[in-house]
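In case you want the letters, here they are:
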Amino acid sequence: EARLAKTQLVYSDVGIGAPRVLFVGLGARKDATLVTLRHALGAATIACQERKFGSFAVALPEWLFTKFRPAALGEFVSRGIVAASYSYDVFKTREDAKIIPVNEVVFVNVVSAKRAAFQKGVESGDHIARCINYVRDLGNTPPHEMTPIRLAQEAQKVALVHPKKIHCTVLD
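Source: prediction; values computed, not measured. (Residues numbered from 1 in each chain as written. Predicted model: local features only at pLDDT ≥ 70, side-chain atom pairs only at ≥ 80, totals over all residues. Heavy atoms only, no water.)

Q: Would you take a moment to explain empty space enclosed by the protein for this structure?
A: The probe, sized like a water molecule, is rolled over the atoms to show the empty space still left. Inspection of the entire model under this criterion finds 1 cavity of 30 Å³ or more. Approximately 30 Å³ is the volume attributed to the largest cavity. When contributions to the lining of the largest cavity are tallied by element, the ones reaching two or more residues are α1 (34–50) and α2 (63–67). In terms of residue class, the lining of the largest cavity is made up of 6 nonpolar, 2 polar and no charged. (1 Å grid on protein atoms, 1.4 Å probe; cavity = no way out; pocket = protein on both sides within 12 Å on 5 of 7 lines; lining within 4 Å. Points joined across faces, edges and corners; volume = space filled by probe spheres on them. Helix = DSSP H or I, 4+ residues; strand = E, 2+ residues; numbered from the N terminus. Nonpolar A, V, L, I, M, F, W, Y, C, P; charged D, E, K, R; others polar.)

Q: Even after reading the chapter, I still don't get the layout of surface pockets, so can you show me in this structure?
A: Considering only enclosed or pocket space, the largest pocket measures out at about 800 Å³ in volume. Forming the boundary of the largest pocket are 31 residues, of which V21, L22, A57, V58 and A59 lie nearest the centre. Elements with a minimum of two residues in the lining of the largest pocket: β1 (7–11), β2 (20–24), α1, β3 (55–58) and β4 (104–107). It is β2 that contributes the most residues to the lining of the largest pocket, 5 residues altogether. Taken as a whole, the second largest pocket spans an internal volume of roughly 450 Å³. What lines the second largest pocket is a set of 19 residues, and nearest its centre among them are V82, S85, V102, D126 and R130.

Q: Hey, could you run me through the nonpolar core in this one?
A: Among the nonpolar cores identified, the biggest contains 25 residues, and L60, L64, L73, V77, F107 and F118 are the most heavily contacted of them. The set of elements that each furnish at least two residues to this core consists of α1, β3, α2, α3 (70–84) and α4 (112–140). Not counting residues up to four positions away in its chain, the partners in contact with V77 are L37, L41, L60 and F107. (Core = buried A, V, L, I, M, F, W, Y, C linked by side-chain atoms within 4.5 Å. Buried < 20%, exposed > 50% of the residue type's maximum accessible area, 1.4 Å probe, protein only. Contact = heavy atoms within 4.5 Å.)

Q: It is not clear to me how the packing of aromatic side chains should be interpreted in this structure. Could you clarify?
A: Overall, the coordinates contain 3 aromatic pairs when judged by the stated rule. Considering the side-chain rings of Y88 and F91, the 6.3 Å spacing of their centres and the 55° angle between planes classify their relative orientation as tilted. What makes F91 partly exposed here is its relative accessible area of 46%. Where F107 meets F118, the ring centres are 5.1 Å apart and the plane angle is 80°; that geometry is what we call edge-to-face. In this pair, F107 sits in strand β4 while F118 sits in helix α4, placing the two residues 11 residues apart along the sequence. In this structure, F107 and F118 share a single accessibility class: buried. Ring-pair connections join several aromatic residues into one group, and the members of that group are F65, F107 and F118. Here R79 stacks its cationic end above the ring of F76, 4.9 Å away from the centre of that ring. (Phe/Tyr/Trp six-rings, centres within 6.5 Å; stacked < 30°, edge-to-face > 60°. Lys NZ or Arg CZ within 6 Å of the ring centre and 35° of its normal.)

Q: I tried to follow the pairing of β3 on my own but got confused; where do I start?
A: Where a strand is regular, its side chains alternate between the two sheet faces. Covered by surrounding structure in β3 are F56 and V58 only, the residues S55 and A57 on the alternate face being uncovered. Taken together, the 4 bridges between β3 and β4 define a ladder with parallel strand orientation. Within β4, the residue paired with V58 across the bridge is F107. (Pairing = 2+ DSSP bridges.)

Q: For this particular structure, what's the right way to read the environment of Q119?
A: Tracing the backbone through its elements, the reader meets Q119 in helix α4. Taking relative accessible area as the criterion, Q119 reaches 33% and is therefore assigned partly exposed. When the C-alpha atoms of Q119 and L138 are compared, they prove to be 29 Å apart, with 19 residues separating the residues in sequence.

Taken by themselves, the reported measurements are silent on function.
Below is the structure:
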């Protein structure tokens, strides 16, 4: 069944170079959007993390590269993977309770003519999702640690790193 974000793990013995293959439903082709694709890759990431896989390869259907611009496709795929891999584990003491971080994702079937644009999109999506995850960390930090003063300091740090794009004024 190709229902959106439905996953099915299959063990492989046919010599494809991978002991397991995770199939992820993208839904009906006519209904596919970059957002639904982001959700599907997020579901794949979560399924891999639940099985303690720290790395995985992604083979995107070729029709996605004709339906969407490669840069946009790369951005949304990356955002789905990085955002779904988020976990606030700061206060988890048991190692087995922590989420396995995704250390590597390899895109295996991007044609060379579209690879540069796709990779640029992946890098952009990675940056956007990491920023989103940073804000999630700020929001998930308990108030006795993320005091107004510390939150202001975090905002000032971000403004120092990006002085041309972000201006920060802390009011008393």
